[in-house]
Amino acid sequence: MIVITNPFFIEDEIRIFHSLFEEGLSLLHIRKPDFSELEMVQFINQIKLEFRSNLILHNHHHLAEDFGINRIHFSEKERNRIHDFPARFPKPCRYNFSTSTHSIEDFNSLENDFDYAFLSPVFKSISKENYEPKTDLFEALKSRTNYKTKVIALGGIDAENIQKTMKNGFDDIALLGTIWNNENPIKQFKLCQQIVLSYLQ
């Protein structure tokens, strides 16, 4: 199960991250598109060293090495822009890559460089206004041909629909709005985690 940061400021955010990691969160995507390089450095500096290997950088990728972060995420735009991907990374490459997709065709056409990819939106988004599925991604997943990349459900995922999502072909889920729009993010995370774990057992 993956959590993505809120793009905007959240009160007590770093403390919440630490609590989520202590509760068993394995991957936290740092998505702060408006952060300058300096703001990103100051932000990551507040996260305990022991949790740095659980972080994935969405921007300012070049900072990964300085912080001992070995996971990098590419937006769909970035992925399409970098024709020589991942040639610009040193070989042998010690980074794990993930990316974002918005259709099954896009997902199926991914190179093997990606460990996993978000496929979204599965449901009406909790955090983004007027962001909802244009196609039924459960139906679309039946045409999946790419099994080397894990497919991660994103968009409107909450405690009510996790089971349906996992049952219908997604390998895992990513949470954003259901965590950060909740008055008790930790409690909400634990509830969702419980559902995922009970499904996987």
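Predicted, not measured: the structure shown is a model, and the values here were computed from it. Here the residue numbering is sequential within each chain, running from 1 through the sequence in written order. With the structure being a predicted model, the display of local features is reserved for residues of pLDDT at least 70 and the display and counting of side-chain atom pairs for 80 or more, all residues being used for whole-chain, interface and lining totals. Side-chain measures were taken over the full set of non-hydrogen atoms in the model, leaving aside hydrogen atoms and water.

A.B. asks: Outline the overall build of the protein, supporting the account with residue identities and numerical values.
C.D. replies: Strands here mean DSSP runs of E at least two residues long; helices mean DSSP runs of H or I at least four residues long; both are numbered from the N terminus. In terms of helices and strands, the protein carries 9 helices and 8 strands. Each principal axis of the C-alpha atoms in the protein carries an extent, and together these give about 45 × 40 × 35 Å. Burial statistics for the protein: of 201 residues in total, 52% are counted as buried. Surface accessibility in these figures is a Shrake-Rupley result with a 1.4 Å probe; residues are shielded only by whichever protein chains are displayed. Only carbon and sulfur atoms are counted for the fraction: they give 47% of the accessible area of the protein, which is about 10,700 Å². Side chains of the protein give 23 positive and 28 negative charges; the mean places of these two sets differ by 3 Å. Remark: exposure states derive from per-residue accessible area (1.4 Å probe, protein chains only) relative to the maximum for the residue type, with buried under 20%, exposed over 50%, and partly exposed in between. The charge count treats Lys and Arg as positive and Asp and Glu as negative. His and the chain ends do not count. In this description, the location of a charge corresponds to atom NZ of lysine, CZ of arginine, CG of aspartate or CD of glutamate.

A.B. asks: Run through helix 2 (residues 37-45), naming residues and quoting values.
C.D. replies: Taken as a whole, helix 2 has its buried residues at M40, F43 and I44. Considered in projection along helix 2, the buried side chains sweep an arc of 90° and stay on one side of the axis. In this analysis, two residues are considered to be in contact whenever any of their non-hydrogen atoms come within 4.5 Å of each other. Residues of helix 2 that are buried sit in contact with helix 1 (13-22), strand 2 (27-30), strand 3 (55-57) and helix 3 (64-67). Relevant arc is that of directions from the helix axis to the C-beta atoms, nothing else.

A.B. asks: An account of the pairing of strand 2 is needed here, citing residue identities and associated values.
C.D. replies: Here strand 2 shows no split at all, with L27 and H29 on one side and L28 and I30 on the other all buried. Examined bridge by bridge, strand 1 (residues 2-4) and strand 2 share 3 bridges and lie parallel to one another. Bridge pairing links I4 to H29 in strand 2. The β-α-β motif built from strand 1, the intervening helix 1 and the parallel element strand 2 has right-handed crossover chirality. Two strands pair if DSSP finds at least two bridges between them. For strand 2 and strand 3, the ladder comprises 3 bridges, and the chain directions are parallel. The residue of strand 3 that forms the bridge with L28 is L55. When the strands point away from the viewer, a crossover counts as right-handed if the route from the first strand across the helix to the second turns clockwise. Read from strand 2 through helix 2 to strand 3, the crossover connection turns out right-handed.

A.B. asks: Residues and numbers for a nonpolar patch on the surface, please.
C.D. replies: Where nonpolar side chains cluster on the molecular surface, the patch consists of L197, Y199 and L200 and spans about 280 Å² of accessible area. Looking at the secondary structure, you find L200 in helix 9 (residues 185-200). According to the relative accessible area criterion, L200 is exposed, its value standing at 54%. Residues form patches when they are more than 30% accessible in relative terms and have no salt bridge. Like charges link within 9 Å. Nonpolar side chains (Val, Leu, Ile, Met, Phe, Trp, Tyr) link within 5 Å. By salt bridge we mean one thing: a side-chain nitrogen of Lys or Arg within 4 Å of a carboxyl oxygen of Asp or Glu.

A.B. asks: Explain the pattern of salt bridges residue by residue, including any values.
C.D. replies: For the structure on display, the rule yields 7 salt bridges. Where E22 meets K48, a salt bridge forms, and the shortest distance between an N and an O atom there is 3.8 Å. Residue E22 is located in helix 1, and its partner K48 is located in the loop between helix 2 and strand 3; the two are separated by 26 residues in the primary sequence. Residue K48 is classed as partly exposed on the basis of its relative accessible area of 36%. For D106, the salt bridge is made with R79, and the minimal N-O distance between the two is 3.0 Å. Residue D106 is located in helix 5 (residues 104-108), and its partner R79 is located in helix 4 (residues 76-81); the two are separated by 27 residues in the primary sequence. You'll find D106 and R79 in the same group, each marked buried.

A.B. asks: How would you explain the layout of surface pockets if you had to name every residue and give the values?
C.D. replies: Method remark: on a 1 Å grid restricted to protein atoms, a set of points is classed as a cavity if a 1.4 Å probe fits but cannot get out and as a pocket if it is open with protein on both sides within 12 Å along at least five of seven lines; lining residues have an atom within 4 Å of a point. Grid points are joined across faces, edges and corners, and a volume is the space filled by probe spheres set on the points. Estimated volume of the largest pocket: approximately 730 Å³. Contributions of two or more residues to the lining of the largest pocket are made by helix 4, strand 8 (172-175) and helix 8 (177-180). For the lining of the largest pocket, the element with the highest residue contribution is helix 4, accounting for 3 residues. Per-class residue counts for the lining of the largest pocket are 12 nonpolar, 15 polar and 6 charged. Empty space within the second largest pocket amounts to approximately 190 Å³. Looking at the second largest pocket, it is lined by 13 residues, and the ones nearest its centre are L27, Y116, K150, I152 and D172. Just so you know the grouping, Ala, Val, Leu, Ile, Met, Phe, Trp, Tyr, Cys and Pro go in nonpolar, Asp, Glu, Lys and Arg go in charged, and all remaining residues, Gly too, go in polar.

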